[in-house]
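The lines below spell out each chain.
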Amino acid sequence: MNEERVQIIGNDMIIDSSLWHACAGRLVHVPPVNSTVSYFPQGHFEHAGMENADDAIATASRIPWRIQCRVTSVELKMDSRTEEVYTKIHLNPIVINNNNSTDDDKDYALSESLNLFGRSQFLTKVLTQSDANNGGGFSVPKKLAETIFPPLNYKITKPGIENLPSQDILARDYRGNIWKFRHVYRGNPLRHLLTTGWSKFVTAKQVVSGDTIVFGRDDNGDVYVGIRRVRRARWQGRIRAESVLEAARLAAIGRGFEVRYYPSSTTTEFCVVDSVVNAMKRKMVNEFGAGTRIKMAFETLNSTGVEPVGWHKGSIESVEDVDPNHWPGSLWRRLKN
């Protein structure tokens, strides 16, 4: 992995977009610089776990549910202590005529997302209890081993376990550390394993069952490794309530502000490309209603090394404000199913 793709600033690291998205997940969308987005203070409060806090409720009555902004900068970052990714986005509120088309933003965002993975290949696996046991090894999915790792020599010329197909894998993490793993192909049935070096990695990274291991290979053929932490219900303590309240206050008076978004939270993105919001608003007026059939994308993480996108299917139960007293007319979580 090219070391220029990782820049350490203070306690955190700014990393290359393809590496960042490998650990964030396929369905995480970051608005590109110069795009127009809708900022949802209601979602920002929820992301910080403070939607029911007294100061948040008091602030809500003075802030619009949607504030349109221009993205002026985006930093894709990783906590150098936990290696959990987050993004820092700087926004400037703007006044937009919603009758004007913003399809250019949608096209730009789509083209950016399609190009994110062109420079690197990566595959993942959710760690099992056996994988996360620091006394064991890692069972490597066949597709991951054959796509990311250098090819093994499967021609065995002599009997004996020492002559089974094997090689050393050197993988760089996002701190620049090199990890040496022994990759072997053995067992009955035959399978790919990481043995020597894996236990040391598990202990150092403090991985647990449910975390996702990310292996990637860049254009130079270098292998890198990262961790996508198991999802938490809240990131309480990671985002200070004062910073969220200040961001909402600045947005409401038309001044630039900054937000942080942690993809590993179970909460939804609260800075959404404006054309997507406008399209959803039209659908809520013209198409969506009680009984309407819908489907929603979700990321399926399994032990095959493949990371497909699946779909939840269901029907809309109702279309209504989630908090009509404090956020009347808000689109945030307006669909119930």
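The protein chain goes by Auxin response factor in an unreviewed UniProt entry, where it is assigned to Cannabis sativa. We quote the UniProt Subcellular location (unreviewed entry) comment for the protein chain here in full: "Nucleus". Per UniProt, the protein chain has the following entry under Function (unreviewed entry): "Auxin response factors (ARFs) are transcriptional factors that bind specifically to the DNA sequence 5'-TGTCTC-3' found in the auxin-responsive promoter elements (AuxREs)."

**Q** Provide a residue-level description of the side chain of His183, including the pertinent values.
**A** By secondary structure assignment, the location of His183 is in strand E9 (residues 178-186). Here His183 falls in the buried class, since its relative accessible area comes to 1%. Polar side-chain contacts of His183 include one of 2.9 Å to the side chain of His192. Here His183 is in contact with Ala145, Phe149, Leu152, Pro165, Ser166, Gln167, Ile169, His192, Leu193 and Leu194, once residues within four sequence places are set aside.

**Q** So, the nonpolar core: which residues are in play, and what are the values?
**A** Counting 48 residues, the largest nonpolar core has Tyr39, Leu91, Phe257, Val259 and Phe270 as its most contacted members. Breaking this core down by element, the ones donating at least two residues are helix H1 (17-24), strand E3 (36-39), strand E4 (67-79), strand E5 (85-93), helix H8 (241-252), strand E13 (257-261) and helix H9 (274-286). A per-element tally of this core places H8 first, with six residues. Within the second largest apolar cluster, 22 residues are counted, among which are Ala145, Ile169, Phe181 and Leu194.

**Q** Would you mind going over the state of the cysteines in detail, with residue names and values included?
**A** On inspection of all chains with the given rule, the structure shows zero disulfides. Just so you know, Cys271 is unpaired, no disulfide at all, and the nearest cysteine sulfur is the one on Cys69, 7.1 Å from it.

**Q** Let's hear about unusual backbone geometry: which residues, and what values?
**A** With an omega of 5°, the peptide bond between Asn188 and Pro189 qualifies as cis. With respect to the helices and strands, the residue Pro189 is situated in the loop between E9 and strand E10 (191-194). Although it is not a glycine, Asn34 adopts a positive phi angle of roughly 80°. When you line up the elements, Asn34 lands in the loop between H1 and E3. Taking the relative accessible area as the measure of exposure, Asn34 reaches 54% and is therefore exposed. Here Arg333, not a glycine, exhibits a phi torsion of approximately 50°, which is positive.

**Q** Help me get a handle on the pairing of E10, residues and values and all.
**A** Sheet analysis places strand E7 (residues 138-140) next to E10, joined by three bridges and oriented antiparallel. Each bridged residue has a counterpart across the sheet, and for Phe138 the counterpart in E10 is Leu194. Relative to E10, E9 runs antiparallel, the two being bridged by four bridges. Within E10, the position partnered with His183 by the bridge is Leu194. Where E9 folds back on E10, the antiparallel hairpin that results is connected by four residues, among which Gly187 adopts a positive phi of roughly 100°.

**Q** For the pattern of salt bridges, give the residues involved together with the corresponding values.
**A** One pass over the structure, following the stated rule, counts 12 salt bridges. The salt bridge involving Arg229 is made with Asp211; its shortest N-O contact spans 3.3 Å. Within this pair, whereas Arg229 is found in the loop between strand E12 (223-228) and H8, its partner Asp211 is found in the loop between helix H7 (198-205) and strand E11 (212-218), the two being separated by 18 residues in sequence. In this structure Arg229 comes out as buried when scored by relative accessible area, which is 10%. The residue Glu242 makes a salt bridge to Arg240 at a minimum N-O spacing of 3.7 Å. A relative accessible area of 53% means that Glu242 is categorised as exposed. Each of Asp168, Lys180 and Arg182 takes part in one network of salt bridges that share partners.

Reading guide: rules and limits
For every chain, the first residue of the written sequence is number 1, and numbering continues from 1 onward in sequence order. Local features in a predicted model are, by the rule used here, given only for residues with pLDDT of at least 70; side-chain atom pairs are given and counted only at 80 or more, and totals for whole chains, interfaces and linings are based on all residues. Heavy atoms from the whole structure form the basis of all side-chain values; hydrogens and water molecules are not counted. UniProt positions are given in the numbering used here, feature names are shortened, and annotations may be inferred rather than shown by experiment. Only DSSP runs of H or I covering at least 4 residues are called helices, and only runs of E covering at least 2 are called strands; the numbering of each starts at the N terminus. Burial classification: accessible surface area is computed with a 1.4 Å probe over protein chains only, and a residue below 20% of its type maximum counts as buried, one above 50% as exposed, and the rest as partly exposed. Nitrogen and oxygen atoms within 3.5 Å of one another constitute a polar contact, given that in protein one can donate a hydrogen and the other can accept it, and given that sequence-neighbouring residues count only through two side-chain atoms. By the convention used here, residues are in contact when the closest approach between their heavy atoms is within 4.5 Å. What is meant by a nonpolar core is a set of buried Ala, Val, Leu, Ile, Met, Phe, Trp, Tyr and Cys residues, joined one to another through side-chain atoms within 4.5 Å. What counts as a disulfide here is a pair of cysteine sulfur atoms lying within 2.5 Å. A pair of strands counts as paired when DSSP detects no fewer than two bridges linking them. Only one rule defines a salt bridge in this text: a Lys or Arg side-chain nitrogen within 4 Å of an Asp or Glu carboxyl oxygen.

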